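Secondary and tertiary structure notes
As a plain string of letters, each chain reads:
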2 protein chains.
Amino acid sequence: MRISMILRGVGALLAAIGALMSYVAASSLGGPLVLSDEGSFFVRGQNERSEFAAMRGNEPVAGTIRTGQMYVQFKIPVKSNAIPVILVHGANHSGVTYETTPDGREGWANYFVRNGFPVYVVDQAGRGRSGFNPSAINRAKAKGDTSAMPAIPIATREAAWASYRLGPKFPEFWADSRFPQAALDHYFSQAEPMGDGTLTGEFGAQTIAGLIALLEKIGPAVVLVHSQSGAYGLAVARAKPELVRALVSVEGDCVPLSDDDVAKVFNRVPLLSVWADHSFGNKARNGDERRNGCSGSVARIAAKGGPAKFMLLPELGIKGNSHMMMVETNNLQIADLIMGWVKQTAATR
Amino acid sequence: MRISMILRGVGALLAAIGALMSYVAASSLGGPLVLSDEGSFFVRGQNERSEFAAMRGNEPVAGTIRTGQMYVQFKIPVKSNAIPVILVHGANHSGVTYETTPDGREGWANYFVRNGFPVYVVDQAGRGRSGFNPSAINRAKAKGDTSAMPAIPIATREAAWASYRLGPKFPEFWADSRFPQAALDHYFSQAEPMGDGTLTGEFGAQTIAGLIALLEKIGPAVVLVHSQSGAYGLAVARAKPELVRALVSVEGDCVPLSDDDVAKVFNRVPLLSVWADHSFGNKARNGDERRNGCSGSVARIAAKGGPAKFMLLPELGIKGNSHMMMVETNNLQIADLIMGWVKQTAATR
């Protein structure tokens, strides 16, 4: 064997090792995303018949459509630490909340995957790819009678500006805002009309049932909720405490909690409530009142020895965040804090 | 250096090489999906003000919302052959059409990625994660006047059964059907009410404009359309022939085509029209008439020396497919045929 051949062989070996190392390193540091599986499915749904299921022009078409189903996107990393995380968006949004940020950076879904978590992103029932039920709208159109037709709420830009604390007054931002201001229009493209009212039961009931069905399908998981879905997280923990490995509530409601909830649910379901500094002094829905509700609930649980934590970002030196912290310029720093708590708390449960 | 250390070193080298080889092999054969980038963004959209943008209870809320935007999911493989493919669903669907099949197998999106194509999956404007405009519905609710409110069409199960040729009569399937019958309920969960009529312009206009904007953003790409979006594909090719590397029309309309379209658009935009056997004898929208329109258009283009091909699956020995061939049991076989044509035709353009 000639020296050149040996050298070529060694070179090939080194190249192969180098390539492998770059794959592995990149997977946790922002390079290639290496997934063992990725795709989507639906949970729940029923076959619902209506005389006004569809329309042909202005004429109603009777028939059967699927209603109440919930869309789930999943990404399973090759190197998994085996605690699945379910990411649930808030009002006026879809699962896009956790995808690429409006200014084109990595969102929480991919970042959790890069850190070894199997990730399940949902669209709340009646929104996004979880189709709403158009029957009541089509009935109203066909009959000229809107009495049984639900309204379709959505946050206007002006309302979101105050409620999400993107700025103190339109169009100014907080001076220290972490919101990607140049991408504001792009951000509002992900706003989603809420067709929840077209579905059976109370607003949100189908989403709560969908989250329970998802846990029953995939097994125990961390449930991360935001804002409006904070209340849904409480309901899911109450219904299936054995399947909720931990509840992470990003500026979501933490009340009401009954004494039974404290004693029998959150004595074993670890709860992390995360809040940003700009919530202080805010009188809108996502401000002082909701935050104080959370610090109060955490204190009640902790007083009974339960595994609850109130994480106030400014106490950790992190300032300038709005209600939409998962899309802001320091979103991965906040994700690191959440993942750190999850690994410490839920993994040892 | 002791022998054991050398052996250990060699062992580590071999393990590293083996791992690398398994990564590379798996990437094309169905194992790990290795992506250089993955995420989402929106194209277009406008800030639209309405006195009825939202509702608080039954009271209208004036304000600004984003309308007409189109959601785009992208997946870029590490090993790319650099022809991006845009996957566009048909009526009553969203981009879910190209994700995991209803019976849990690989969809066309991932399969194209595994074969080196950067893939962009859209939700047509007004559907799924491309939020519709609820203003006209909320105005009707607030005023008790439905005259300016559009209907919201959707395919009922019964209508889809005939139109998509899932079976000759409900609930029976064609004897040789490739449709994953046990997953029928799950399939209908992806049906999506069409909010297109709530947007500015003709039905589909915002989607056509969105596809053009997407091409302008990402550069030349193959556009793959299905059914209803066949007509949108023609419109996009007409508007931007230099950006459409090829148009793949899966049981989509191929008419009307003007003489100018034949001479100045499809003389350079390669067109592939794909049809399944169960379209024969079908009088519904996706049957004989549309298929004959396509074979006719392809013949007209080919007569002028244009790069058009009519692919009739039964002529290739592939039988039993419905209108939803991308979710059927032989979906990857059909994808292979399409990719083969794309590589041969579009790559050399």
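Look up: the structure comes first, before these words.
Heads up: these notes are all about the structure in this document. Note that the coordinates shown come from a computational prediction; the quantities given were computed from them, not determined experimentally.

1. Section: the overall build of chain A
- From N to C terminus, chain A includes ten helices and ten strands.
- Looking at chain A as a whole, 62% of its 349 residues are labelled buried.
- Within chain A, contacts between residues separated by at least 24 positions form 74% of all contacts whose residues are at least 6 apart in sequence.
- With an accessible surface of roughly 12,800 Å², chain A has 55% of that area assigned to carbon and sulfur atoms.

2. As for helix α7 (residues 229-239) of chain B
Residues and elements named next belong to chain B.
- By the criterion of burial, α7 is predominantly enclosed, with eight of the eleven residues buried.
- Taken together, the buried positions of α7 are Ser 229, Gly 230, Tyr 232, Gly 233, Leu 234, Ala 235, Val 236 and Ala 237.
- Summarising the contacts, the buried residues of α7 are in contact with α6 (205-218), β7 (221-226), β8 (244-250) and α8 (259-265).

3. With respect to helix α9 (residues 288-303) of chain B
Residue and element names in this part refer to chain B.
- Compared with an ideal rise of 1.5 Å per residue, which puts 16 residues at 22 Å, α9 spans 22 Å between its outermost C-alpha atoms and is within 8% of the ideal.
- At its buried positions, α9 is contacted by α8, β9 (271-275) and β10 (308-312).
- One or two residues past the end of α9 sits Gly 305, with phi positive at roughly 85°.

4. Structural notes on the relation of the copies chain B and chain A
- You can overlay chain B on chain A at an RMSD of 0.0 Å; the transform is a turn of 180° with a shift of 0.0 Å along its axis. Taken together, the rotation angle and the small translation identify this as a two-fold axis.
- Of all interface residues in chain B, 100% are interface residues in chain A too; the two copies therefore contact each other through one and the same surface.

5. A look at the interface of chain B and chain A
- Taken residue by residue, the interface counts 75 residues in chain B and 75 residues in chain A.
- Taking both partners together, chain B and chain A bury about 6,000 Å²; carbon and sulfur atoms supply 58% of that area.
- Along the contact surface separating chain B from chain A lie ten salt bridges.
- Between Arg129(B) and Asp123(A) there is a salt bridge whose closest N-O contact spans 2.7 Å.
- In this structure, the connection of chain B to chain A is made through 40 residue pairs in polar contact (both at pLDDT 80 or more).
- Ranked by residues supplied to the side of chain B that touches chain A, first place goes to strand β1 (residues 33-43) of chain B with nine residues.
- Looking at chain direction, strand β1 (residues 33-43) of chain A and β1(B) are connected through three bridges and run antiparallel. If you follow Leu35(A) over to β1(B), its bridge partner there is Leu33(B).

Cut-offs and rules
- Residues numbered from 1 in each chain as written.
- Chains lettered and ligands numbered in written order.
- Predicted model: local features only at pLDDT ≥ 70, side-chain atom pairs only at ≥ 80, totals over all residues.
- Heavy atoms only, no water.
- Helix = DSSP H or I, 4+ residues; strand = E, 2+ residues; numbered from the N terminus.
- Buried < 20%, exposed > 50% of the residue type's maximum accessible area, 1.4 Å probe, protein only.
- Contact = heavy atoms within 4.5 Å.
- Areas by Shrake-Rupley, 256 points an atom, 1.4 Å probe, with all protein chains shown as cover.
- Expected span 1.5 Å × (residues − 1).
- Least-squares fit on C-alpha atoms with pLDDT ≥ 70 in both.
- Buried area = accessible area lost by both parts, 1.4 Å probe.
- Salt bridge = Lys/Arg side-chain N within 4 Å of Asp/Glu carboxyl O.
- Polar contact = N/O pair within 3.5 Å; in protein donor to acceptor, adjacent residues only side chain to side chain.
- Pairing = 2+ DSSP bridges.

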